[in-house]
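Architecture at a glance
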Amino acid sequence: MMQLGTKNSLLFTLQGSIEKMFITDAFHKGIELTGTLTGKSTSQLSELLGNSEIPDIGPLSGKLLITGDSNNLVIPQISLFAGRKNHLMLTAAGKIAEVPLRRRLSPRGVEIVLTVTAPGSDDLSVVLGSGIPDFGPLLIKGVLIGDKGIFSIKDFRLIAGKPKQPEISISGSVEDVLSTKGVHMKVLFDEKTLVKLFDLHSIPELGALKGSALLSNVDGNFGLKELKLESGNSELIDLKINGAIENIAKTNDISVNVDISIKNPTVFGRLFATDLSGVSPVFASGRVSGNKNKVTFNGNAVLGKTILNNDLAVFFINEKTNISGTINSPNLVLKDFGVISELFTTKSSKDPVLHAKPGKAVIFSDTQLPVQLLHKVDLDLKLKIARVKGRDYHFDRVKINLLLQNSRFTVRPVSFDYSGGQVSINAEIDAVGAIGIPKWSVNMQANNIQLGEVFRQEHKTPPIEGELNLIVDLKSSGISEHMIASNLNGEIGLTLENGGINRSNLEMVFLNPLGWVFSHGINDNEFSITCGLARYQVKQGVVRSKLFLMDGPKLLVRGNAEVNLARETINSLYNLEKKNIFRNTFIPSLATTSVPIKITGSLANPDFELVNLSSIKSNADRYIFAPVATVPRELVGTVLDIFKAKKAEQSPCQTYLQN
C-alpha cells in the first residue's frame, strides 16, 4: 500500500498487486491496483492543480481501478464524488481505455460522464462567485471524451426547473477543452425566466415571451455571441456580439463588437413598462469595452432617418451611475424619437368651443414631477447636432452641454440657429435642497427670429410676421407644475419689428391675449406692425405687464395685464386704436376709434368684454389710453438689452423710447 498526503489535506491511497517485475529492463506486467482519493474540501485541489482556484463545494472522494503493464495502463473504472447532500453535488464516472507510459502519448479512449445536481440553481453562486437567481432544481450533464490529446465535451445539457418544462435549458458542446476554439452552447429561456432575470413585463396578447442566446469562442474569445428575444411571432431584439473576454476570472475586462437591432421599439418598451410609442426602429453598431467599474461604447446608432455617432463612458461609483461623453449627429429627426414635432397645432373650425366653469379647467398639474431621477445618476454629456428636424421646422448648429452632478442638473449652454436668428439657453434644476424642494431657473435669449419663416412652413399665409427678439430670466422652486408656477419670479421681455398680422390665421393658431384681442376687437383681416414691445415682471407666481405696445400704420394696441399663475386667473385690459390717414403715432388725432377690451376670469377659459372708457379707474390702465405712444425708458427694463447690439436706424422700436 502507498499513501500520498495526509488526512487533513488530500489523501491518495494506492494498493494492489503487480504479477511480474523485471529488474533488468524495468518492465512490469499484471498490474492490478485500486486507488482512493479523499479530502475535506474541494478547495484543497487548488494546490494540486497549480494556479487554479477551486471553490469549496464540500468534501470529495474518489475511486479508480488500474490494470496493465509498464507500457500501457488501462483504467476501466473511475468515480468521483464532491459536494454536500441537499446542496451542490458533482459526480464523475467513466473509464480510460489506454494511458501510454513509455511513449509519452496522451491518454486514449477517455469517456467520463459528468453530472452536477442541486436543489436550486442559486447553489451555483458559490462556484461562479456572484449571485444566481433560483430557477428551481438544477441538473448539468455532459460526457468528457478524450483521444490523442484532444479532449471534448459532448452532449452538454443544463436544465433549471422542471425537467419537462425547464425555465432555462442550455445545450451544446466543447470541441476542444484545451484549445481556444470550439465551444458552442445554445441557451433557451422561457417567459418566467426572462421576467426574473431582466425584470421584464409579459405581453399576453402577443404570445409567450421566449429568448435564446449563443455562447461560443469560434473567434478565439469565449463569450455571448448572440441574444434574441421574441414574443409570439414578433422579434423584439436581436443582439450579436463578437470580441474578446480577456482574463475574465481575474480582471473582468471585456472588449466586444456589438450589433443591436430593435425592429419594434413600441413593443420592446412594454417589456420594461416604458412608453416608446412612435420611436423608429433602432439599429446600433459599435465597440463595448470595460470592466465591473466602467463600460465604454464607441459606435453609431440609426433611428429611422436619424444617425448618431456616440463616444460614451458609463462609470459605476458608489452604487451610482455616471454617464459621460459626446454624441454627434448630422441630422436628428424628432419624429424618430416619438416626439410630437409641431410647433403650433392648428385648430379646426369644426372643433367645439369649450367654456368650462372657473376652477374646472387646470393648466398646471399638481402631479409630482420625477425629480428623484436626479439623485440616481450623474451626467456629463456634450451633444453636437448639425440639424434637428421637426415636421414643420428645424434647428441648425445645435450644441447642448448637459451636466448632472450631486443632484444639480445644468444645461449650459444650449445654442442653435433658428429661422434666421440665434437662440441661447441656460437652465438649472437644483434638487439638493434641504427640504427636498428643487429649485429651477432658466435664462434664454433669442435674437433676430424671423416669425414669417417660422409660420410659413405650416401656413401659406403666416399669421404673424416680423423680427422677434426675446429675453427670459425666470426662477422658481417646486415639486409640481402648479408649485413651480406659483413660486415663479423673474422677467420676460420681447420686441417685434417690421412685421404684420393676418387675423383669420392668427385665430387658428393662438389661444392667448394677442389672439383674443385681435379676434374680438377689429374686423380688418391684415395689417402691418412697425413695432411691438412687451415686458412682464413675475413675482411669486403673479405676472404683471410693465409694458405692452404694438403699433403700425393703421392700428395701435396697448395693454395692461395681470395673470395669477397659482389661481390660473387673468385680469387684463387692452385698447385697440384704429388710425385714420391724418393720424400717426406721435401726432394725436381726435378722429380715431378706440376699442377697449377687458379679459378676465379663468386663464383657460377667460371672459371677454368691451368696456366704456368712463369705467377705467386705474391710473396704470389710463396710461394705455394716452394720446401719445412714447415709452419711458424706466418701463422698458430688460428690453433695453435687446437694443444694445442694434443700431437705431435698424430698430424702429428705438424711436418709441423717451430719453
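Along each chain, residues carry numbers from 1 onward, in the same order as the chain's sequence is written. This being a predicted model, a pLDDT of at least 70 is required before a residue's local features are given, and a value of 80 or more before pairs of side-chain atoms are given or counted; all residues contribute to the totals for chains, interfaces and linings. Only heavy atoms go into the side-chain values, all of them from the structure, while hydrogens and water stay out.

For the rest of this paragraph, the subject is the overall build of the protein. In terms of helices and strands, the protein carries 11 helices and 34 strands. Exposure is judged per residue with a 1.4 Å probe applied to protein chains only, and the accessible area is read against the type maximum: over 50% gives exposed, under 20% gives buried, and values in between give partly exposed. In the protein, buried positions account for 41% of the 659 residues. Using a 1.4 Å probe, accessible areas were evaluated by the Shrake-Rupley method; residue-level cover was limited to the displayed protein chains. For the protein, the accessible area works out to roughly 36100 Å², and carbon and sulfur atoms hold 56% of it. Helix and strand labels come from DSSP, where a helix needs a run of H or I of at least four residues and a strand needs a run of E of at least two; each type is numbered from the N terminus.

Moving on, we get to the state of the cysteines. Note on terminology: pairs of cysteine sulfur atoms within 2.5 Å are recorded as disulfides. Applying the stated criterion across every chain, the model contains 1 disulfide. Here Cys531 engages in a disulfide with Cys653; their sulfurs sit 2.0 Å apart. In this structure, the disulfide formed by Cys531 and Cys653 twists by about 115 degrees around the S-S bond and is classed as right-handed. In this pair, Cys531 sits in strand E27 (residues 526-539) while Cys653 sits in the loop between helix H11 (639-643) and strand E34 (657-658), placing the two residues 122 residues apart along the sequence.

Any Lys or Arg side-chain nitrogen located within 4 Å of an Asp or Glu carboxyl oxygen qualifies as a salt bridge. One pass over the full model with this rule turns up 11 salt bridges. For Glu428, the salt bridge identified is with Arg412, shortest N-O distance 3.3 Å. Residue Glu428 is found in strand E23 (residues 421-430), and its partner Arg412 is found in strand E22 (residues 408-418); the two are separated by 16 residues along the sequence.

Next up on the list: the pairing of strand E7 (residues 108-118). Strand pairing requires that DSSP identify at least two bridges connecting the strands. Where strand E6 (residues 89-100) lies against E7, 9 bridges are found, and the strand directions are antiparallel. Bridged to Gly94 within E7 is Ile112. In this structure, E7 lies alongside strand E8 (residues 138-147), joined through 9 bridges in antiparallel fashion. Bridge pairing links Thr117 to Leu139 in E8.

Attention now goes to the confidence of the model for the protein. Every residue carries a pLDDT, the predictor's confidence in it, which falls somewhere between 0 and 100. Of the residues in the protein, 74% have a pLDDT of 70 or more, and the chain-wide mean is 78. Mean pLDDT per element in the protein: helix H7 (residues 503-509) is the minimum at 51, and helix H6 (residues 481-486) is the maximum at 94. Low pLDDT, under 50, characterises residues 344-359; the predicted model gives this stretch 19 contacts beyond four residues in sequence or across chains. We call two residues in contact whenever any of their non-hydrogen atoms come within 4.5 Å of each other. Per-residue pLDDT stays below 50 along residues 507-511; that stretch engages in 18 contacts with residues further than four places along the chain or on separate chains.

The subject of this paragraph is unusual backbone geometry. Following Arg412, the chain continues into Pro413 via a peptide bond in cis, with omega recorded as -10 degrees. Relative to the elements of secondary structure, Pro413 occurs in strand E22. You will see that Arg397, though not glycine, has its phi angle at about 50 degrees, which is positive. Checked against the element boundaries, Arg397 lands in strand E21 (residues 394-405). You will see that Asn498, though not glycine, has its phi angle at about 50 degrees, which is positive. Of note, Asn498 is situated in strand E26 (residues 489-502). Look at Asn498 and you get exposed, because its relative accessible area is 54%.

Below, the discussion takes up the side chain of Asp336. When you line up the elements, Asp336 lands in the loop between strand E19 (320-333) and strand E20 (377-389). Buried charge without a partner: Asp336 forms no salt bridge, and the closest opposite charge is Lys335, 7.3 Å away. Throughout this description, a polar contact denotes any pair of N or O atoms lying within 3.5 Å of each other; where both atoms belong to protein, one of them has to be capable of donating a hydrogen while the other can accept it, and for residues adjacent in sequence the pair is counted only when both atoms sit in side chains. Side-chain polar atoms of Asp336 contact the side chain of Ser280, separated by 2.8 Å. Separated by 3.0 Å, the side chain of Asp336 and the backbone nitrogen of Lys305 make a polar contact. Asp and Glu count as negative and Lys and Arg as positive, but His and the ends of the chain are not part of the count.

Attention shifts here to the packing of aromatic side chains. The description of two aromatic rings rests on the distance between their centres and on the angle between their planes. Any pair of Phe, Tyr and Trp rings, taking the six-membered ring for Trp, is counted once the centres come within 6.5 Å. Such a pair is stacked with planes under 30 degrees apart, edge-to-face with planes over 60 apart, and tilted for the rest. Counting across every chain of the model gives 3 aromatic pairs. With a centroid separation of 5.0 Å and an interplanar angle of 75 degrees, the aromatic rings of Phe395 and Tyr418 are classed as edge-to-face. Highlighted residues: Phe395 in strand E21 and Tyr418 in strand E22, separated in sequence by 23 residues. Taking the relative accessible area as the measure of exposure, Phe395 reaches 18% and is therefore buried.

The next point concerns a nonpolar patch on the surface. Residues Phe283, Val302 and Ile307 make up a contiguous nonpolar surface patch of about 230 Å² in total accessible area. Secondary-structure assignment places Ile307 in strand E18 (residues 306-317). Patch definition: residues with relative accessible area over 30% and no salt bridge; like charges joined within 9 Å; nonpolar side chains (Val, Leu, Ile, Met, Phe, Trp, Tyr) joined within 5 Å.

With respect to the element layout, Leu4 can be found in strand E1 (residues 2-5). Contact partners of Leu4, with chain neighbours within four places excluded, come to Leu10, Leu11 and Phe12.

Looking at the secondary structure, you find Lys389 in strand E20. Among all residues touching Lys389, those that are not within four sequence positions of it are Asn331, Leu332, Val333, Leu334 and His394.

Another aspect to go through is the environment of Ile642. Inspection of the secondary structure assignment puts Ile642 in helix H11. For the pair formed by Ile642 and Asn448, sequence separation is 194 residues and the distance between their alpha carbons is 10.0 Å. Here Ile642 is in contact with Asn469, Leu470, Ile471, Gly493, Leu494 and Thr495, once residues within four sequence places are set aside.

Core analysis: the largest hydrophobic core is formed by 76 residues, its most contacted members being Leu271, Phe416 and Tyr418. With 6 residues, the top contributor of residues to this core is E20. Counting 19 residues, the second largest nonpolar core, distinct from the first, contains Phe135, Ile153, Phe156 and Ala160. Throughout, nonpolar core names a set of buried Ala, Val, Leu, Ile, Met, Phe, Trp, Tyr and Cys residues whose side chains join them through atoms within 4.5 Å.

Here we come to the pairing of E23. Looking along a regular strand, one sees side chains alternate from face to face of the sheet. Direction of pairing for E22 relative to E23: antiparallel, over a ladder of 9 bridges. When the sheet's bridge partners are listed, Arg408 is paired in E23 with Asp430. Between E22 and E23, which pair antiparallel and follow one another directly, the connecting turn spans 2 residues, one of which, Ser419, has a positive phi of 50 degrees.

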